[in-house]
Amino acid sequence: MSQAPSHDTGQLPDLVIVGAGLFGLTVAERCAEELGLRVLILERRHHLGGNAYSERDPETNVEVHKYGAHLFHTSNERVWEYANRFTSFTDYKHRVFGKYQGQVYSLPMNLALINQFFGKSHTPDEARALIAEQSSEIATEDASNLEEKAISLIGRPLYEAFIKGYTAKQWQTDPTELSADIITRLPVRYTFQNGWFSDTYEGLPVDGYTAWLTKMADHPNIEVRLETDFFAVADDYKGKVPIVYTGPVDEYFGNSEGRLSWRTVDLEESVVDTDDFQGTGVVNYNDQDVPYTRIIEFKHFHPEREKTHLPGKSVIVHEYSRFAEEGDEPYYPVNTADDRAKLLKYRELAKSEPMVLFGGRLGTYKYLDMHMAIGSALSMYDNKLKPHFTEGAELTSGGIEA
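Note that the structure is predicted; figures quoted are calculated from it, not measured.

Asker: I'm lost on the overall build of the chain in this one. Help?
Answerer: Broken down by element type, the chain carries 13 helices and 16 strands. Across its three principal axes, the chain shows a C-alpha extent of roughly 75 × 55 × 35 Å. Residues classed as buried in the chain amount to 55% of the 402 residues present. By sequence separation, contacts in the chain at least 24 residues apart represent 73% of the contacts at least 6 residues apart. Of the accessible surface of the chain, which amounts to about 17,900 Å², a share of 47% is contributed by carbon and sulfur atoms.

Asker: I'm lost on the pattern of salt bridges in this one. Help?
Answerer: The full count for this structure, using the stated rule, is 24 salt bridges. Ionic pairing is found between Lys66 and Glu55, a salt bridge with its closest N-O pair at 3.7 Å. On the criterion of sequence distance, the pair formed by Lys66 in the loop between strand E4 (63-65) and strand E5 (72-74) and Glu55 in strand E3 (residues 54-56) is long-range, its members being 11 residues apart. Residue Lys66 is classed as partly exposed on the basis of its relative accessible area of 29%. For Glu55, a relative accessible area of 33% translates into the label partly exposed. With a closest N to O distance of 3.4 Å, Lys351 and Glu348 form a salt bridge. Residue Lys351 and its partner Glu348 are both found in helix H11 (residues 337-351); the two are separated by three residues, about one turn of the helix. Assessed through its relative accessible area of 46%, Lys351 is described here as partly exposed. Taken together, the shared-partner salt bridges in this structure form one network comprising Glu29, Arg30, Glu34 and Lys386.

Asker: Which parts of the structure should I look at to understand the pairing of strand E13 (residues 294-297)?
Answerer: Every regular strand shows the same layout, with side chains that alternate between the two sheet faces. By the alternation rule, side chains of E13 split into Arg294 and Ile296 and Ile295 and Glu297, which are all buried. The pairing of strand E12 (residues 282-285) with E13 spans three bridges and is antiparallel. Within the sheet, the bridge partner assigned to Val283 lies in E13 and is Ile295. Inspection of the sheet shows E13 paired to strand E14 (residues 314-323) by four bridges, in the antiparallel sense. Each residue of the ladder has a partner; that of Ile295, found in E14, is His318.

Asker: Looking at this structure, I do not really get the nonpolar core. What am I missing?
Answerer: Looking at soluble globular proteins, one finds that nonpolar side chains tend to be buried together. Counting 105 residues, the largest nonpolar core has Val27, Val39, Phe72, Trp212 and Leu385 as the members making the most contacts within it. Ranked by residue count, the leading element in this core is helix H13 (residues 370-391), at eight residues.

Asker: Help me understand the sheet that holds strand E11 (residues 262-272) in this model?
Answerer: Neighbouring strands of a sheet are bound in pairs by backbone hydrogen bonds; such pairs are parallel or else antiparallel. Strands sit in the order E7-E6-E12-E13-E14-E11-E15 across an open sheet of seven strands; the sheet is mixed. Strands at the two margins of the open sheet, each flanked by one partner only, are strand E7 (103-107) and strand E15 (332-333). The strands touched by helix H3 (residues 111-118) are strand E6 (96-100) and E7; relative to E7, the strand with the most contacts, the crossing angle is about 155°.

Asker: Explain the sheet that holds strand E2 (residues 39-42) to me, please; I cannot follow it from the model alone.
Answerer: Judged by pairing direction, the sheet is parallel, and its five strands sit side by side in the order E9-E2-E1-E10-E16 without closing on themselves. Where the open sheet ends on each side, the last strands, each with one partner, are strand E9 (222-225) and strand E16 (356-358). Taken over all neighbouring pairs, the strand axes of this sheet differ in orientation by 20° on average, direction set aside. Taken together, the three bridges between strand E1 (residues 15-18) and strand E10 (residues 243-245) define a ladder with parallel strand orientation. Within the sheet, the bridge partner assigned to Val16 lies in E10 and is Ile243.

Asker: Would you mind going over empty space enclosed by the protein with me for this structure?
Answerer: In this approach the atoms are scanned with a rolling probe the size of a water molecule, which exposes any empty space left behind. The tally for this structure, following the rule as stated, stands at one cavity of 30 Å³ or more. Taken together, Val62, Glu63, Phe298, Lys299, His302, Arg305 and His309 make up the full set of residues lining the largest cavity. Grouping the amino acids of the lining of the largest cavity by side-chain chemistry returns two nonpolar, two polar and three charged.

The rules behind each value
- The numbering scheme is per chain: residues are counted from 1 as the chain's sequence reads.
- Selection of residues for local features in this predicted model requires a pLDDT of at least 70, selection of side-chain atom pairs for listing and counting requires 80 or more, and totals for whole chains, interfaces and linings are taken over all residues.
- Side-chain figures throughout are based on the complete set of non-hydrogen atoms in the structure, without hydrogens or water.
- Going along the chain from the N terminus, every DSSP run of H or I of four or more residues is numbered as a helix, and every run of E of two or more is numbered as a strand.
- For each residue, the accessible area found with a 1.4 Å probe, counting protein chains only, is set against the maximum for its type, and the residue is called buried under 20%, exposed over 50%, and partly exposed in between.
- For this analysis, residues touch if any pair of their heavy atoms sits within 4.5 Å.
- Under the convention used here, a 1.4 Å probe and the Shrake-Rupley method define accessible areas, while residue burial counts only the protein chains that appear.
- A carboxyl oxygen of Asp or Glu within 4 Å of a side-chain nitrogen of Lys or Arg is what we treat as a salt bridge.
- What makes two strands pair is DSSP finding at least two bridges between them.
- Definition of nonpolar core: a set of buried residues of the types Ala, Val, Leu, Ile, Met, Phe, Trp, Tyr and Cys, connected through side-chain atoms within 4.5 Å.
- Angles here are taken between N-to-C directions and fall from 0 to 180 degrees, while the axes themselves are lines fitted to C-alpha atoms, restricted in helices to the stretch in contact.
- Only protein atoms enter the 1 Å grid used here, on which a cavity is any set of points holding a 1.4 Å probe that cannot leave and a pocket is any open set flanked by protein within 12 Å on both sides along at least five of seven lines; residues with an atom within 4 Å of a point are listed as lining.
- Grid points are joined across faces, edges and corners, and a volume is the space filled by probe spheres set on the points.
- Here the nonpolar group is Ala, Val, Leu, Ile, Met, Phe, Trp, Tyr, Cys and Pro; Asp, Glu, Lys and Arg are the charged ones; every other residue, Gly included, is treated as polar.

Interpretation note: all reported values are geometric properties and have no functional meaning in isolation.
Right, here's the structure in full:
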């Protein structure tokens, strides 16, 4: 990775970015490449790339996504074109399977699952009629909790098999005690199509995520300082240069309005003595008495690398979901009514923070897929940073929606 000359000479960078995830890297690359700015990225971890970071397992040579499975997909032409400047993509198509009471089913819920689960062949029209009949037990507008909402959408049998146990494990809460607005829809496909995503483009970076993300930072105007806590050096930059902050918004303000709540995952990685553990990349475990939510087997993400993997071995990860505590890595915003009230207060604080823009998953308290993070970063560059640096437009945060 190319590094700019040290900024310790007393010369401030033109822009400081806190966090070296996809959002921060996209902003840094655009500002360095198109505007010629000197950009300093401060990253508290020992690596760049945020949660998309991957590395080869030294024993098996299998590429492991260190923060859980990351699958790239998008229908945004600009995002796809931008990503392809730094990597080419394989033709990998993501498919997920779910295990329930000793049987494996094809997900998402589709005609194959319906036929297998109910033990009978259905035409699409017959399957629609079946699900409509089963879901008529509860009217959607009358649903008072997640369980009732799910039953009103897909019926009780499918809910109890594929939603109830998995949701209880994800949220550590009985679905009858969860808000109905957590789920807005539960799609059922009345075809045999079992691709997980329906975007125009899908694939995995040919040389892996870290190679892609490192190339984004490989610019003479970009300096990346790893293992650097922004708050330890914040006084060197706040109020002096523009800052793009992609860390937790509540942490930026010292949790003054209270901590926002997140879900996190525990990932238990192991090498198993078999060429193929489960026959596919991801299997969900829908039974509530199985403590983990899914098992990931990484070699299936890159079948084209089969000859480079150690025979007779495979890398798997058991994934467990729980509420994040202090010091945990936040993954998914819980977004309760209490969280939303706190977020409004942080939004007002962010609006009045001089020369600081808040972005990314943590900075906006939104779950962003990778393509969404890139798209959001490009929008910030277009609408905020480029006008500021080229036309002298005032750099106003707009709060944490920016």
